[in-house]
2 protein chains.
Amino acid sequence: MDNDQWNAEDLGPCAANHVPLSPVAFLDRAARVSGSREAVVYGAQRQSWIEFAHTCRQFASALVRAEIRRGDVVAAMLFNTPPMVAAHFAVPMAGAVLNTVNTRLDADAVAYILAHCKARLLIVDAELFAVAGAALAQMASPPRLVVAADPQAGVGLPAQVEGFHDFLDSGDGEAPALPVLDEWSPISVNYTSGTTGRPKGVVYSHRGAYLASVSTVLSWGVPKGASYLWTLPLFHCNGWGMPWVLALQGGKNVCLRRVDAATIVRLIGEESVTHYCGAPIVHAMLRDEAERQGRVFSPTVAAMIGGAPPSPSLMRAMEGIGVQLTHCYGLTETYGPAAICEAQPAWAALGDAERAVMNARQGLPCALQADMAVMRIDGAESVPADGVTVGEIAFRGNITMMGYLDDPAATRKAFADGWFRSGDLAVLEPDGYVRIKDRSKDIIISGGENISSVEVENVLYSHPMVAAAAVVAKPDEQWGEVPVAVVELRDGSEIASAQLIAFCRTHLAHFKCPRQVLFQTLPKTATGKIQKNLVRDRLRAGAGTDAVPMKN
Amino acid sequence: MDNDQWNAEDLGPCAANHVPLSPVAFLDRAARVSGSREAVVYGAQRQSWIEFAHTCRQFASALVRAEIRRGDVVAAMLFNTPPMVAAHFAVPMAGAVLNTVNTRLDADAVAYILAHCKARLLIVDAELFAVAGAALAQMASPPRLVVAADPQAGVGLPAQVEGFHDFLDSGDGEAPALPVLDEWSPISVNYTSGTTGRPKGVVYSHRGAYLASVSTVLSWGVPKGASYLWTLPLFHCNGWGMPWVLALQGGKNVCLRRVDAATIVRLIGEESVTHYCGAPIVHAMLRDEAERQGRVFSPTVAAMIGGAPPSPSLMRAMEGIGVQLTHCYGLTETYGPAAICEAQPAWAALGDAERAVMNARQGLPCALQADMAVMRIDGAESVPADGVTVGEIAFRGNITMMGYLDDPAATRKAFADGWFRSGDLAVLEPDGYVRIKDRSKDIIISGGENISSVEVENVLYSHPMVAAAAVVAKPDEQWGEVPVAVVELRDGSEIASAQLIAFCRTHLAHFKCPRQVLFQTLPKTATGKIQKNLVRDRLRAGAGTDAVPMKN
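Quick caveat, the model's predicted, so the values are computed rather than measured.

Draft legend 1. Seen up close, the overall build of chain A. Along the backbone of chain A there are 17 helices and 25 strands. Relative to the globule expectation of 24 Å for 552 residues, the C-alpha radius of gyration of chain A, 24 Å, shows essentially globular dimensions. Its C-alpha atoms give chain A principal-axis dimensions of about 70 × 65 × 50 Å. In chain A, buried positions account for 55% of the 552 residues. A sequence separation of at least 24 residues applies to 69% of the contacts in chain A between residues at least 6 apart.

Here it is, written out as structure tokens:
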């Protein structure tokens, strides 16, 4: 400041006017403002916010009594059940850092992650006890193991292990939480499912998690008392921050152990679900089941779709079953969604198809993220807003990770030029909206022409028989690369590959059309994201070259 | 942290992952997300968010070219017109600190404030030029004066002054704003209208203003594209942060030079107003006019009421004209509203009268304020939640001022024990809601019994002929103090003081009833708050002891 009248010590921060930002604070607020409202529901288990806050304090106290210290990592390898929701409060309330572990990983991967973040305690679902046990057996300093049974799902406790229920009972539900001392301190570490090399530990801060949660309320318009169905894995970017969002808004966590279409349709009705999130595959599964049952949800259910660009045809079909999709875009490094395709009032006048195309874009930075840009691949400036020039999506702002744990080189590379570079390729459209073209490694270069695999996939998805599709590059002597499609058909459908290629030719330039269509079940991550790297590997290995239609 | 794996330098804040919180950022966002939506409307003047952002950049650039430096104060003594809204962005965009000056102050008070905060530039409405000129004439280092004409209101520019229009033209609408370097730096300084002694300069930070704005969106539920009518003076706590809230949500500022009931009713219709704020007197004025015209607003208009506890009868009457009141409570020191009476679902089952009583309470801390308590008057702990024990309302959190400018003693006193003490007396009810009893100095102690002047006023307000009422203590030989009421009657009403006292006796213990009722126009602040200190002064001076009904 050029002017020094503000520098007086008496205008500095103190306990009365400066409190570190942390989403953990939303729990106390929920107990006070929405105390009698339902917080967590799982089958016959139902807790109000007052009861749930008590459980979280008890859980945190048990951690402290188990000698978990500030900055220690507590890992959770759990399905979307009540202990997993509670861990998002209890672990930071004990001053510790939460590491959620993908429930589909094998023992080697689990051991790598637990060792890398130096986990001191692991809470694992009893169904995953064998994997966890095998992981711990190969570690030099394994974490203490606590196993959560799930009697409701018929999953009992193995012999001679410490049960979560007993562990919880060792805590004091009246013990106050440890205060957050610094908003720029870690609240969680989430490992990316990186397609190459070892997974990286993405560190979230209390400040970032707080602002990301508030931003989601603003951008998605989550109302007070929302009823949220847990279709999105909580181990994925802390469930896009939704445990904290629901505390802030006094909403209800409707737990879900397995993503099962019939259960989802039932719970939407029984629990008056207003909101859920998921990758395209989750929405497609719901669409199929709702159509089969002839269900149209009323009132409309709001859903966020992310993880992969949704096809315009899926966007349209979801409207038909009473689901209003909002397309969001982000990465583990941006706390999940950091961009949202905000609908403009003028789009209401568009036709369904045109509106679906507008809504399928990645959009604009979410409310509290400072900025999102499409940067030149070889420079630090933005591409022009011409809808044509391809650049790399970059973010800047408080909804960006602290960095990668114990990997300063990767952190420096990710934060070059004062932006976080996403690795995703996109154009900036004249209206300022970002439209993704592809991940750098998913672009297909054929005869010197760039082919966006997403563009080809969108055409395939618009075919009524296609349930899922991935288009990848196959090495080719003549063209360098050619596009090949791997397709899952909807139940009961049959079509020849030549017919699907002909369909593509009516919608795309010929050079963009798949040279080959293979009918196979697609490999997917736990979050429903299609693993194109595995599709590519299969192709290189020469697998699945027969064009045999397969059922899902 | 006990665990040192997080302390690595590579997890520190950098340009990519840490941006200072400032509500000025909402302007760029509005131009990007809601660019074509209307931002500021004033009669025939209408600007979109893209146009308004251009004006603000030009205004900021003009300030920089006028040699305003970081930390300098720019004062604005303006009605709720477009330049006043723009100043809330342009002044901090120039790195300067905004001081809004109450338009009703006299030259001495204006001179005191401008000298105290060392204002370098004053923008004044041409109608207030005489007062401003007189103020500047008595200052040793007067600020540069810029005068804003308002041709639409028939207010022209005096001779030989610098006009705001020309000043604005000296700036460059393409010049980027100066970046905010530190979120803990001042964005504005607001002088309290302190009833005793000199006004104090309450300093707001960028961080606090940002969080207060977001908190208002969450707590009041301000939707995207809200249409907000400026009935609340912008010089009062920066209009409760609403200029920033509207930018965040792409809403519309409907300007209003004068609080005039007929104009308000007209604009609510013409501009599809969805929200407004004000002291009880503003709502009462609107009620009278709407009832006179037989208007019931549809869809319902949302209004925040603060500045004084609303009577249950006013809360009920507003429902009748289609206005949904939300009661908020706060002080200049808490950026305006920091508590809000959140309605509970169960209240819907109550009768109108009971619900109005629930809604008239001060309530709970707003969404992003850390805490609100009722502290023992002689201690640092909370009173029990018994609805009876009187304590002092205190706040703690980011929505609390940086401190008082150049007054370390007052700042230390306000922030004793890690809380900001409000000076307002209240009880904590069993449901955790705060109910105000009185300001410390407004409590009446009669024969050793405490009488809440608010309680007596609420009874008076429930009488259909009463427009406004103040109950104050009058010194009494026998009782120490006795309650005396000063009342304004509604247009065309007449009633004898004995009848009003009899009415009180049917609703209150006899010792609480006014011994005397005087019919007089009540002295009010610019924000419509009744100045009880002046009422008391009048009584002591023996003025107005005749019980003569007076028209408003």
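Still more ground to cover, so stick around.
Draft legend 2. Examining the domain arrangement of chain A more closely. The domain boundaries assigned to chain A delineate domain 1 (25-204), domain 2 (259-440) and domain 3 (443-540). For domain 1 of chain A and domain 3 of chain A, the distance between their C-alpha centres works out to 40 Å.

Draft legend 3. Seen up close, the environment of Met139(B). Residues and elements named next belong to chain B. Examined against the element boundaries, Met 139 turns out to sit in the loop between helix H5 (129-137) and strand S6 (144-148). Classification of Met 139 by C-beta neighbours within 10 Å gives partly exposed; the count is 14. Separated by 28 residues in sequence, Met 139 and Ala 111 place their C-alpha atoms 6.5 Å apart. Apart from the residues within four sequence positions on either side, Met 139 is in contact with Ala 111, Leu 114 and Ala 115.

Draft legend 4. Main features of the sheet that holds strand S15 (residues 336-340) of chain B. Residue and element names in this part refer to chain B. Strands sit in the order S2-S1-S11-S10-S12-S13-S14-S15-S16 across an open sheet of nine strands; the sheet is mixed. In the strand order of this sheet, the two ends are held by strand S2 (45-48) and strand S16 (364-365), each with one partner. The pairing of strand S10 (residues 227-229) with strand S11 (residues 252-254) spans three bridges and is classified as parallel. By the bridge assignment, Leu 229 is partnered in S11 with Val 254.

Draft legend 5. Quick look at the interface of chain A and chain B. On the chain B side, the residues contacting the 51 residues of chain A number 51 residues. Contributing elements (two or more residues each) for the side of chain A that touches chain B: helix H1 (25-33), helix H7 (206-220) and helix H14 (408-414) of chain A. Looking at the side of chain A that touches chain B, its residues break down into 27 nonpolar, 13 polar and 11 charged.

Draft legend 6. How the structure looks around the sheet that holds strand S12 (residues 301-305) of chain A. Residue and element names in this part refer to chain A. Spatially, nine strands are ordered S2-S1-S10-S9-S11-S12-S13-S14-S15 in an open sheet, and the strand pairing comes out mixed. On the outer flanks of this sheet lie strand S2 (45-48) and strand S15 (364-365), each paired with one strand and no other. Of the pairings in the sheet, the one linking strand S1 (residues 38-42) to S2 comprises four bridges and is antiparallel in character. Each bridged residue has a counterpart across the sheet, and for Val 40 the counterpart in S2 is Gln 47.

Draft legend 7. Quick look at unusual backbone geometry. In this structure, the amide linkage connecting Ser298(A) to the following residue, Pro299(A), adopts the cis form with an omega of 0°. Relative to the helices and strands, Pro299(A) is located in the loop between helix H11 (280-293) and S12. Of note, the phi angle at Asn238(A) is positive, near 50°, even though the residue is not glycine. Note that Asn238(A) resides in helix H8 (residues 237-240). Backbone geometry at Tyr335(B) places phi at a positive 60°, although glycine is not the residue there. Position of Tyr335(B) relative to the elements: it lies in the loop between strand S14 (323-331) and S15.

Draft legend 8. Representation of the relation of the copies chain A and chain B in the model. Aligned on chain B, chain A shows an RMSD of 0.1 Å; the corresponding rotation is 180° and the shift along the axis is 0.0 Å. The transformation relating the two chain copies, once decomposed into turn and shift, fits a two-fold axis.

Draft legend 9. View of the packing of H1(A) against helix H2 (residues 49-65) of chain A. Residues and elements named next belong to chain A. The geometry of H1 relative to H2 is characterised by a closest axis approach of 8 Å and an angle of 145° between their N-to-C directions. Our pair here, H1 against H2, has a crossing hand that is left-handed. In this structure, H1 contributes Leu 27, Asp 28, Ala 30 and Ala 31 to the contact, and H2 contributes Trp 49, Ile 50, Ala 53 and Cys 56. Here the residues of the contact of H1 with H2 sort into seven nonpolar, no polar and one charged.

Calculation criteria
- Residues numbered from 1 in each chain as written.
- Chains lettered and ligands numbered in written order.
- Predicted model: local features only at pLDDT ≥ 70, side-chain atom pairs only at ≥ 80, totals over all residues.
- Helix = DSSP H or I, 4+ residues; strand = E, 2+ residues; numbered from the N terminus.
- Rg over C-alpha atoms; globule rule 2.2 N^0.38 Å.
- Buried ≥ 20, exposed ≤ 12 C-beta atoms within 10 Å, placed from the backbone.
- Contact = placed C-beta atoms within 7 Å.
- Domains from an automatic or database assignment.
- Pairing = 2+ DSSP bridges.
- Nonpolar A, V, L, I, M, F, W, Y, C, P; charged D, E, K, R; others polar.
- Least-squares fit on C-alpha atoms with pLDDT ≥ 70 in both.
- Axes fitted to C-alpha atoms, helices over the stretch in contact; angles between N-to-C directions.
- Left-handed = near helix turned anticlockwise from the far one by under 90°.

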